[in-house]
Amino acid sequence: MRLLSEQYGQKLTQKICQADNADAPISVRVNTMKCTPAEAQAELEAAGLTVQPHEAFPEILLCSGGDAAALPAFIEGRVTVQDAASALAAAVADPKPGSTVLDCCAAPGGKSFAMAEKMQGKGSVTSCDIYEHKLKRIRDGAARLGLPNIRTELQDASVCREEWKDSADVVLCDVPCSGLGIIRKKPEIRFKNPDEIQTLPEIQARILANCAQYVKKGGTLVYSTCTILQRENEDVVRAFLTENPEFEAVSWTHPVCGERADGMVTLLPPVHNTDGFFIAKMYRK
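These numbers come from a predicted model, not from an experiment. (Residues numbered from 1 in each chain as written. Predicted model: local features only at pLDDT ≥ 70, side-chain atom pairs only at ≥ 80, totals over all residues. Heavy atoms only, no water.)

Engineer: Just to check I follow, could you spell out the environment of lysine 118 for this structure?
Structural biologist: Inspection of the secondary structure puts lysine 118 in helix H5 (residues 110-118). For the pair lysine 118 and methionine 33, spaced 85 residues apart in sequence, the C-alpha to C-alpha distance is 8.7 Å. Not counting chain neighbours up to four residues away, the residues in contact with lysine 118 comprise Ala91, Asp94, Pro95 and Pro97. Of the polar contacts made by the side chain of lysine 118, one reaches the side chain of aspartate 94; its length is 3.3 Å. (Helix = DSSP H or I, 4+ residues; strand = E, 2+ residues; numbered from the N terminus. Contact = heavy atoms within 4.5 Å. Polar contact = N/O pair within 3.5 Å; in protein donor to acceptor, adjacent residues only side chain to side chain.)

Engineer: Help me understand the environment of alanine 38 in this model?
Structural biologist: Tracing the chain through its elements places alanine 38 in helix H2 (residues 37-46). With relative accessibility at 56%, the residue alanine 38 sits in the exposed group. C-alpha of alanine 38 to C-alpha of proline 58: the two residues are 20 residues apart in sequence and 9.1 Å apart in space. (Buried < 20%, exposed > 50% of the residue type's maximum accessible area, 1.4 Å probe, protein only.)

Engineer: Can you walk me through helix H1 (residues 2-21) in this structure?
Structural biologist: Because each turn of an α-helix spans 3.6 residues, side chains separated by three or four positions end up pointing in the same direction. Taking 1.5 Å per residue as the helical rise, H1 with its 20 residues ought to reach 28 Å, whereas the 17 Å between its terminal C-alpha atoms falls clearly short. A bend of about 120 degrees at glycine 9 is the largest found in H1. Those residues of H1 that are buried are in contact with strand S13 (264-267) and helix H10 (269-272). (Expected span 1.5 Å × (residues − 1). Bend = angle between axes of the 7 residues up to and from the residue.)

Engineer: Can you help me understand H2 in this one?
Structural biologist: For H2, the set of buried residues is Ala40, Gln41 and Leu44. Viewed end-on, H2 has its buried residues packed into an arc of 100 degrees, placing them on one side of the element. Facing away from the buried surface of H2 by more than 90 degrees, the exposed residues are Ala38 and Ala46. Each element contacted by the buried residues of H2 is listed here: strand S1 (26-30), strand S2 (50-54), strand S3 (57-64), helix H3 (72-75) and strand S4 (79-81). Within two residues after H2, glycine 48 carries a phi angle of roughly 105 degrees, on the positive side. (Arc of directions from axis to C-beta.)

Engineer: Help me out: how do you make sense of empty space enclosed by the protein in this one?
Structural biologist: The gaps left among the atoms become clear once a water-sized probe is rolled over them. As enumerated under the stated definition, the model contains one cavity of 30 Å³ or more in all. Ala24, Pro25, Ser27, Leu62, Asp83, Arg184, Lys185 and Asn273 are the residues that line the largest cavity. Counted by class, the lining of the largest cavity contains three nonpolar, two polar and three charged residues. (1 Å grid on protein atoms, 1.4 Å probe; cavity = no way out; pocket = protein on both sides within 12 Å on 5 of 7 lines; lining within 4 Å. Points joined across faces, edges and corners; volume = space filled by probe spheres on them. Nonpolar A, V, L, I, M, F, W, Y, C, P; charged D, E, K, R; others polar.)

Engineer: What should I look at first to understand the packing of aromatic side chains in this one?
Structural biologist: Applying the stated criterion to the full structure yields three aromatic pairs. Taking 5.5 Å as the distance between ring centres and 80 degrees as the angle between the ring planes, the aromatic pair formed by tryptophan 164 and tyrosine 214 counts as edge-to-face. Of the two residues, tryptophan 164 sits in the loop between strand S7 (150-154) and strand S8 (168-174) while tyrosine 214 sits in the loop between helix H8 (200-212) and strand S9 (215-225), which places them 50 residues apart along the sequence. Just as tryptophan 164 is buried, tyrosine 214 falls in that class too. Look at phenylalanine 240 and phenylalanine 247: their rings are 5.3 Å apart centre to centre, the planes differ by 55 degrees, and that puts the pair in the tilted class. For the pair formed by phenylalanine 240 and phenylalanine 247, the shared burial category is buried. Here the guanidinium or amino end of arginine 144 rests over the ring plane of phenylalanine 74, the centre of that ring lying 3.7 Å away. (Phe/Tyr/Trp six-rings, centres within 6.5 Å; stacked < 30°, edge-to-face > 60°. Lys NZ or Arg CZ within 6 Å of the ring centre and 35° of its normal.)

Just geometry here; none of it tells us what the structure is for.
What follows is the structure, encoded as structure tokens:
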């Protein structure tokens, strides 16, 4: 609460805390390779769920009244559980069919899935994590969604893979963070050790600097977190851009948050109807 008040002021912090204490609907993203949002909504409603499309992201359906992940729509890959904020990071990355994409901290795989679908199953998405059991979840999810262009690699995002340098059209770094944007879904985050949070920006900066090496000239680098603290977000990105002049921020726009002239957005549950999240888009000159 103190960290948020210092950054956002008491009034907005109160709204954030109220949202964190409220029940969040189950958010699913429609796999548009298999069906339309209208078809998915009709199927979920026929199964007894109450469904509301996200007001600014038509592929996102907000569900209540049942377990969407237990239904055939999920099991057969027509929808997958993903918040609008996470889906937005993949939309901002904007890979094209045939692209080479590297998702450096990919588990549980939602952004990899969204990017692979956007690429219409063409090109390649390499999804990395440091735990093999998490990579299995990604492979299982890709099979369920019908995404042949995803492969997994056991890889520490802070350690350089020489053969990956200058190889990717799009690199996405969804780095380890304090998680303060998703307290409404993981309330145990409230009890994280403050000392652990304090050391995160150094780790985040190291991962970003390492993975930036994989971006081709003319390629895209996206940095994201599920926290809303400036020191883990804007501060890390601005320091990176200062130290790496071959990269520059890219302006972008999306109905969820409007135009982002500096390439960055912090999403807040009471403002954007998403998880708390940060996204920054950069370009390698």
